[in-house]
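Structural description and commentary
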Protein chains: 2
Amino acid sequence: MNKPATIKDIARILKISTSTVSRALRDASDVSAETKNAVKSLSEELNYQPNKFALSLQQKQTHTIGVIVPNLDYVLSTMVKGIDEVALEAGYTVMVCQSNESFGREIVNTKRLSESLVDGFIVSVSSETKVFDHLKKIQAKKMPMVVFDRVTPFLEAPTVHLDNKDGGFQATEHLIEQGYKRIAILAGPKNLEISNHRLEGYLTALKKHKVKIDPDLIINCDFNQEYAYIATQELLSMKKRPDAIFTISDRMAIGAMLAIKEKGLSMPEDIGLVGFNNEPMFSLLQPSISSVDQPSFEIGKVAAKLFIEMMHNNEDMSSVVEILKPKLIIRESSQRLKKNKLTK
Amino acid sequence: MNKPATIKDIARILKISTSTVSRALRDASDVSAETKNAVKSLSEELNYQPNKFALSLQQKQTHTIGVIVPNLDYVLSTMVKGIDEVALEAGYTVMVCQSNESFGREIVNTKRLSESLVDGFIVSVSSETKVFDHLKKIQAKKMPMVVFDRVTPFLEAPTVHLDNKDGGFQATEHLIEQGYKRIAILAGPKNLEISNHRLEGYLTALKKHKVKIDPDLIINCDFNQEYAYIATQELLSMKKRPDAIFTISDRMAIGAMLAIKEKGLSMPEDIGLVGFNNEPMFSLLQPSISSVDQPSFEIGKVAAKLFIEMMHNNEDMSSVVEILKPKLIIRESSQRLKKNKLTK
DNA sequence: AACGCAACCGGTAACGCTACCGGTAATCCC
DNA sequence: GGGATTACCGGTAGCGTTACCGGTTGCGTT
């Protein structure tokens, strides 16, 4: 009961060789059914578990995926769940490391995991990351790597992410259709792709509907709630204040909502508001807030599938890009035109 | 550049033995400074990284901690950050697996990780888990295991958790002091310790202040927001409705808040509300909601420290219990008596 | 001159497993 | 009946690393 049983123990007890035991356990062809049964039942009895390290040492494979994420908020932890699901099924184990939005931490994590602990990586970069040498080093080692969610053009790797342009477009067009005329956007940090793409979608929608683009209504600020709160206060104290706000994250929408309420304005009458991510809490606020929902779980699954594909047939897949569609969930905060059915 | 360098390569190039290389790299005493330098500079150049598997195979140690959590919500992901921090510093890598509140998933995860992938576990059990054989099996293997947050009396292991009784007490006493007379509690599932302890604290506070205990005001429901919403609706339609509600999680507080607003009641005047966990969003709602803050990061750190201590001097520590104190954060939702300074 | 003792270093085995080669016995076929 | 084929099994080496034992120098001591 103390030392874990090995293949040797089984061989010794059954008076056969370790080779035979090994083959029997793996259902190889050239072992008699009789010995197979003997081996299997004994291994069951001894609670035999193969030593992964011995295997990895030999086969240079760990069957483990390193997942690096900037944090574990609602969206990312859901994506990780998706990764988990697929990986588990394919016989992989997942190691999750959060970089905590810190560039330094991201480097340490990748380095550690790449020290022969994992077969490859599924990465979402931190907001601080502007240099990608640590990830390129991994690619140089021929380790498979998939980038998801927070992607970057500076890395040649297969990629999974939301159609952020479409998300921005849907939200903005919806606001236009609801009769809002001066639509502001709280965009995120300028160096993040997701931020810029959502902004692009916003611009496209305005152009399509021939709404004049006012640079004063485009605010780049941090993802932080506080910043959004302050930015909204400033927006609302403009001479020609906006009559709708689109924030590219839900946390920012909360900040905006607070500022709107403090100003004594009502949603959706005075101001329309649409967020991004559709955190579950959003349906419960008052007013409930419209938000662009992304298939986070699915994105995680696709990333993992891509990774496993990359693992198996190791051809170059760096040009593969999987883009998933968002879906606008319309709630009270932006529903100015009365309709029969309100999405709760 | 293709194959990773091994000590053999270094030995071959330097024309010395692998043993010497090994010792040089570990700064052993009986290697001349000269060869040490030669070895170190060459290993640098070749980008040598020791193969963890060869090490683990020999020393039966993985320097990896398996962390099993039911989910990665705000509280738990903060705790995991704490674990990360301490583990990294002590030279350990962390593998996080979320059981997704599923008993079956928890079993699969523990089994996988225990297959010689990790040295031991830091666990928070799922809400479904009522049988603990899978964890006892791990203990039988003499693997160190620390239980945190969601603890259970059915497991003899060192334990780290919040003083949940005190949390319940603080919240309830605060409501009493604010002049609320009929204080309801939305407690969680009956089989969870954290739920029962917070309820106990509630009862203790009532007794201390000689407030009559009304069983109708004690509701056991799921952690779910929806349930809290419904439960609150029922509470508010009682003949003698409560004038304050204490929910043992923040998600539940949101549900309660929604029901209160729908009923046209105001906080804190008509109804006082206190939540639990102090999720960051809470300070931004309107009214801002009072909540019991727990030192999640610290709890994670303590759990990891305990684990490492257990690793090093492997004596029996199953009786160790670390209890950390919560701190009530008072905000608008329960602040009926006007004071000069409001905590924002 | 003979011995002892550091200071260094090399060789070997072992960790648990599988790939590979080879061997034995039984069976089959002409 | 002899060679070929099949079905099964064993031995050995090797994955990368370190522990252990032993050996070789060179120097100081008696």
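Residues numbered from 1 in each chain as written. Chains lettered and ligands numbered in written order. Predicted model: local features only at pLDDT ≥ 70, side-chain atom pairs only at ≥ 80, totals over all residues. Heavy atoms only, no water.

As a matter of local geometry, DNA strand D sits amid 26 residues, with A:T20, A:Q58, A:K60, B:S22 and B:Y48 nearest to it. Restricting attention to atoms of DNA strand D within 4 Å of the protein, one finds that 64% of them are sugar or phosphate atoms. B:Y48 is positioned with one of its side-chain polar atoms (N or O) 2.6 Å from a phosphate oxygen of DNA strand D. Backbone polar atom of B:N51 to a phosphate oxygen of DNA strand D: 3.2 Å apart, as the coordinates give it. In terms of residue class, the surface near DNA strand D is built from eight nonpolar, 12 polar and six charged. (Near = heavy atom within 4 Å. Polar contact = N/O pair within 3.5 Å; in protein donor to acceptor, adjacent residues only side chain to side chain. Nonpolar A, V, L, I, M, F, W, Y, C, P; charged D, E, K, R; others polar.)

Attention now goes to the protein's contact with DNA strand C. Looking at DNA strand C, there are 26 residues lining it, with A:I7, A:S22, A:Y48, B:T20 and B:K60 nearest. Each atom of DNA strand C within 4 Å of the protein was classed as base or backbone; sugar and phosphate made up 64%. In the model, a base nitrogen of DNA strand C is placed 3.3 Å from a nitrogen or oxygen of the A:A54 main chain. A distance of 2.8 Å separates a base oxygen of DNA strand C from a polar atom in the side chain of B:S19. Those elements that provide at least two residues to the surface near DNA strand C are α1 (7-14), α2 (18-25) and α4 (52-59) of chain A together with α2 (18-25) and α4 (52-59) of chain B. Here the surface near DNA strand C gets four residues from one element, more than from any other, and that element is α4(A). Looking at side-chain class alone, the surface near DNA strand C contains eight nonpolar, 12 polar and six charged residues. (Helix = DSSP H or I, 4+ residues; strand = E, 2+ residues; numbered from the N terminus.)

What follows concerns the relation of the copies chain B and chain A. Copies of the same chain, two in number, are related to each other by a rotation about an axis and a translation along it. Turning chain B through 180° and shifting it by 0.0 Å along the axis lays it on chain A, with an RMSD of 0.1 Å. The symmetry that links the two subunits is that of a two-fold axis. The overlap is high: 98% of the interface residues of chain B also sit at the interface in chain A, so the same surface is used on both sides. (Least-squares fit on C-alpha atoms with pLDDT ≥ 70 in both. Contact = heavy atoms within 4.5 Å.)

Before going further, it helps to spend a moment on the side chain of B:R198. All names here are of chain B. Summarising the element assignment, R198 is placed in helix α9 (residues 193-208). We note that R198 is buried and unpaired, the nearest opposite charge coming from D149 at a distance of 5.4 Å. Contacts of R198, omitting those with residues within four sequence positions, involve L162, N164, G168, I185, F246, I248, F276 and Q294. (Buried < 20%, exposed > 50% of the residue type's maximum accessible area, 1.4 Å probe, protein only. Lys, Arg positive; Asp, Glu negative; His and termini not counted. Salt bridge = Lys/Arg side-chain N within 4 Å of Asp/Glu carboxyl O.)

In short, shape yes, function no, at least from these values alone.
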